[in-house]
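# Analysis of the macromolecular model
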Amino acid sequence: MHKKSLAELSALLSSGETSSVELTRYFLDRIAMYDGDINSFVTVTEEQALQSAAQADKMIADGKAQVLTGIPLAQKDIFCTQDVRTACGSKMLDNFIAPYNATVVEKLNATGMPMLGKLNMDEFAMGSSNETSFYGAVKNPWDLERVPGGSSGGSAAAVAAGLAPIATGTDTGGSIRQPASLTGLSGLKPTYGRVSRWGMIAFASSLDQAGMLAHSAEDCALLLQGIAGFDEKDSTSVDRAVPDYSADLNKPLKGLKVGLPKEYFGEGLDSKVGAIIDEAIAEYQRLGAEMIEISLPNTHLAVPAYYVIAPAECSSNLSRYDGVRYGYRCEDPKDLSDMYERSRGEAFGYEVKRRIMMGAYALSSGYYDAYYLKAQKIRRLISADFEDAFSQVDVIMGPTAPTTAFKLGEKADDPITMYLSDIYTIAVNLAGLPAMSIPAGLADGLPVGLQLIGNYFDEAGLLNVAHQFQQSTDWHRQSPAAYN
Ligand code: GLN
């Protein structure tokens with residue numbers, strides 16, 4: 001069952017060959033069996049999942065089912081879930097139970113997708129290895145000594161190990177694509193504004209976007225259909241018609257113009273990863289695509305600009321955790337300042353504190369022009385690079401991450417090296433573009449992801465390009481031997 005696509009599961013449900021309760025039970029059993037080692041779930045919502053599954057079965061029996069009805073999923077623990085703790089990987093929110101559902105959660109609940117539980121993640125989505133979580137590191141199912149990537153590391157590990165058919169994720173600088181790459185999954189970060197951020201705990205609001213980690217582009221298309229669309233509760237949500245994301249999957253790629261940015265193939269790219277990306281490009285040529293070398297000249301400025309903008313926004317967003325309204329409060333504060341200081345000091349982890357300090361500094365008077373304003377100007381230049389590129393090509397391709405999954409602890413004490421894990425993904429968030437990572441091969445037994453970057457709101461185009469590759473290769477069907 002854990003090898004089946006969402007469309008196959010949907011067919012089994014509608015023909016009555018299986019029920020949502022059976023399917024949900026099946027995945028709950030796998031979680032119980034395997035997640036002790038992997039640590040991908042922070043909360044398993046067994047009872048609630050089975051209840052929702054029974055309701056989904058009723059929807060199916062009453063002829064009210066949609067494609068996704070009855071298929072269980074797991075939610076990244078950054079999405080607020082009514083009556084179920086939303087901790088966002090942090091001690092700060094270890095006791096937080098949201099009084100409402102995020103729009104993404106609400107939409108998927110309404111479709112009748114039972115929620116198996118909440119997935120581990122880097123604290124407040126800050127990280128690339130899932131090692132900053134208050135709930136401990138997540139292990140990569142391909143090799144338990146390695147990281148699954150981050151910050152959606154729990155989402156990636158759970159789907160890769162077959163503990164959930166699909167999972168939500170969020171991507172501020174690469175947090176869907178980089179873990180997808182490191183665990184052999186298909187991950188999609190939609191255009192900024194395509195999916196509502198309402199009820200999704202904010203890290204850097206101008207960059208955050210919700211998406212999913214799945215086994216295939218076809219599965220991504222189905223889930224995107226379930227979550228995309230305008231939401232008046234999110235002021236940055238875009239009011240634009242939602243196309244049928246599955247309609248164009250089978251379009252032939254003949255004549256597709258693919259841009260290969262020369263900056264994505266230089267120094268820093270592991271040679272084995274590079275060789276696999278080259279093979280994937282050759283496959284696309286066989287499928288009729290035309291390769292065009294392009295340049296994104298400001299690529300080298302993306303990581304530095306991001307590490308001014310994202311911390312600046314996070315220092316502002318995270319100021320709400322003051323020990324007063326919700327979240328952690330220290331014991332016996334002496335006075336108000338003591339309460340603020342100790343509550344924040346005791347409940348935030350090291351990486352979160354580092355970012356709050358960097359951000360507050362970059363925004364402070366006297367430094368604002370030198371750092372924040374300059375970073376915003378660079379952001380504009382990076383968007384302009386992509387605009388130029390998309391005047392010549394339909395899609396951009398390159399590696400998702402410079403290496404395969406690294407060892408736990410290998411980069412944990414070296415933030416700069418860790419930040420460079422996202423060197424190919426971050427510019428996309430600065431520009432607000434949609435992008436995917438799809439599995440393209442194995443290097444020494446570890447998955448390598450190919451990144452596809454599309455023009456604004458061209459998720460359907462990206463999904464088509466990804467799906468065609470998955471029709472002619474079977475890298476997306478590989479799974480870690482221990483969890484077969
Ligand atoms: N790894 C990047 C960071 O630490 C991106 C995280 C994300 O996309 N949420 O900020």
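From a predicted model like this one, the values you see are computed outputs, not experimental measurements.

Conventions adopted
- Residues numbered from 1 in each chain as written.
- Predicted model: local features only at pLDDT ≥ 70, side-chain atom pairs only at ≥ 80, totals over all residues.
- Heavy atoms only, no water.
- Helix = DSSP H or I, 4+ residues; strand = E, 2+ residues; numbered from the N terminus.
- Buried < 20%, exposed > 50% of the residue type's maximum accessible area, 1.4 Å probe, protein only.
- Contact = heavy atoms within 4.5 Å.
- Areas by Shrake-Rupley, 256 points an atom, 1.4 Å probe, with all protein chains shown as cover.
- Lys, Arg positive; Asp, Glu negative; His and termini not counted.
- Charge placed at Lys NZ, Arg CZ, Asp CG, Glu CD.
- Pairing = 2+ DSSP bridges.
- Salt bridge = Lys/Arg side-chain N within 4 Å of Asp/Glu carboxyl O.
- Near = heavy atom within 4 Å.
- Polar contact = N/O pair within 3.5 Å; in protein donor to acceptor, adjacent residues only side chain to side chain.
- Nonpolar A, V, L, I, M, F, W, Y, C, P; charged D, E, K, R; others polar.
- Disulfide = S-S within 2.5 Å.
- Core = buried A, V, L, I, M, F, W, Y, C linked by side-chain atoms within 4.5 Å.

### Details of the overall build of the protein
Looking only at helices and strands, one finds 15 helices and 11 strands in the protein. Dimensions of the protein, computed from the C-alpha atoms along their principal axes, are close to 65 × 55 × 45 Å. Here the protein holds 484 residues, and the buried ones make up 60% of them. In the protein, the share of contacts with a sequence separation of at least 24, taken over all contacts with a separation of at least 6, comes to 76%. Counting only carbon and sulfur atoms, one obtains 51% of the accessible surface of the protein, whose full area is about 17,900 Å². Where the 41 positive side-chain charges of the protein centre and where its 59 negative ones centre are 2 Å apart.

### What about the pairing of strand E11 (residues 446-454)?
E11 sits mainly inside the fold: 9 of its 9 residues count as buried. Of the two faces of E11, both are covered, the one formed by Leu-446, Val-448, Leu-450, Leu-452 and Gly-454 as well as the one formed by Pro-447, Gly-449, Gln-451 and Ile-453. Of the strand pairs in this sheet, strand E9 (residues 395-399) and E11 are connected by 5 bridges, and their pairing is antiparallel. Its bridge partner lying in E11, Met-397 is registered against Leu-452. The pairing of strand E10 (residues 435-443) with E11 spans 8 bridges and is antiparallel. Bridging from a neighbouring strand, Met-436 pairs with Leu-452 of E11. Taking the residues that link successive antiparallel strands as the turn, the E10-E11 hairpin has 2 residues, and the phi of Asp-444 there is positive, at about 50°.

### Details of the pattern of salt bridges
Under the definition given, this model contains 16 salt bridges. Across the salt bridge formed by Asp-94 and Arg-85, the nearest N and O atoms sit 2.8 Å from each other. With relative accessibility at 31%, the residue Asp-94 sits in the partly exposed group. Taking relative accessible area as the criterion, Arg-85 reaches 21% and is therefore assigned partly exposed. As a salt-bridge pair, Asp-143 and Arg-146 come within 2.9 Å of each other at their nearest N and O atoms. Residue classification places Asp-143 among the partly exposed positions, given a relative accessible area of 24%. On the accessibility criterion, Arg-146 (18% relative accessible area) is buried. Each member of the salt-bridge network shares a partner with another, and the members are Arg-25, Asp-29 and Glu-46.

### Regarding the pairing of strand E4 (residues 167-171)
Two faces belong to every sheet, and in a regular strand the side chains alternate between them. Counting buried positions over the 5 residues of E4 gives 5, a clear majority of the element. Burial along E4 is two-sided: Ala-167, Gly-169 and Asp-171 and Thr-168 and Thr-170, pointing in opposite directions, are all buried. Across 5 bridges, the pairing between E4 and strand E6 (residues 209-214) is antiparallel. Opposite Thr-168, over in E6, you have Met-212 as the bridge partner.

### Focus: the site of the ligand
The immediate surroundings of the ligand are formed by 15 residues, with Thr-172, Gly-173, Ser-175, Tyr-306 and Asp-422 found nearest. Backbone polar atom of Gly-127 to an oxygen atom of the ligand: 2.9 Å apart, as the coordinates give it. The separation between a nitrogen atom of the ligand and a polar side-chain atom of Ser-151 is 3.5 Å. About the coverage of the ligand: the protein hides 100% of its 290 Å² of free accessible area. Split by residue class, the shell around the ligand holds 5 nonpolar, 7 polar and 3 charged.

### A look at the side chain of Arg-30
You can see Arg-30 is positioned in helix H2 (residues 20-38). For the buried residue Arg-30, which engages in no salt bridge, the nearest side chain bearing the opposite charge is Asp-29, 9.8 Å off. Of note is the side chain of Arg-30, whose polar atom sits 2.8 Å from the backbone oxygen of Tyr-483. In this structure, Arg-30 is in contact with His-2, Asp-35, Ala-161, Gly-162, Leu-163 and Tyr-483, ignoring residues within four places of it in sequence.

### Side note on the state of the cysteines
This structure, assessed with the given rule, holds 0 disulfides. Here Cys-80 stays unpaired: no disulfide links it, and the sulfur of Cys-88, its closest cysteine neighbor, is 8.3 Å away. Of the residues examined, Cys-80 reaches a relative accessible area of 3% and is grouped as buried. Looking at Cys-314, it has no disulfide partner, and the nearest cysteine sulfur is the one in Cys-88, 11 Å off. The buried category is assigned to Cys-314, whose relative accessible area is 0%.

### Comments concerning the nonpolar core
Counting residues in each nonpolar core, the largest one holds 139 residues, and the members touching the most others are Phe-124, Tyr-284, Phe-386, Met-436, Leu-452 and Leu-463. With 9 residues, helix H9 (residues 302-317) is the single largest residue contributor to this core. What Tyr-284 contacts, discounting residues up to four positions off in sequence, is Leu-253, Ala-289, Met-291, Met-397, Ile-438, Leu-450, Leu-452, Val-465, Ala-466 and Phe-469. Membership of the second largest hydrophobic core comes to 6 residues, among which are Val-147, Leu-182, Phe-406 and Met-418.

### Considering the environment of Asp-77
Residue placement: Asp-77 occurs in the loop between strand E2 (73-76) and helix H4 (103-111). In sequence terms Asp-77 and Ala-312 are 235 residues apart; their C-alpha atoms lie 23 Å from each other. Engagement of the side chain of Asp-77 in a polar contact is seen with the side chain of Lys-118, the distance being 2.9 Å.

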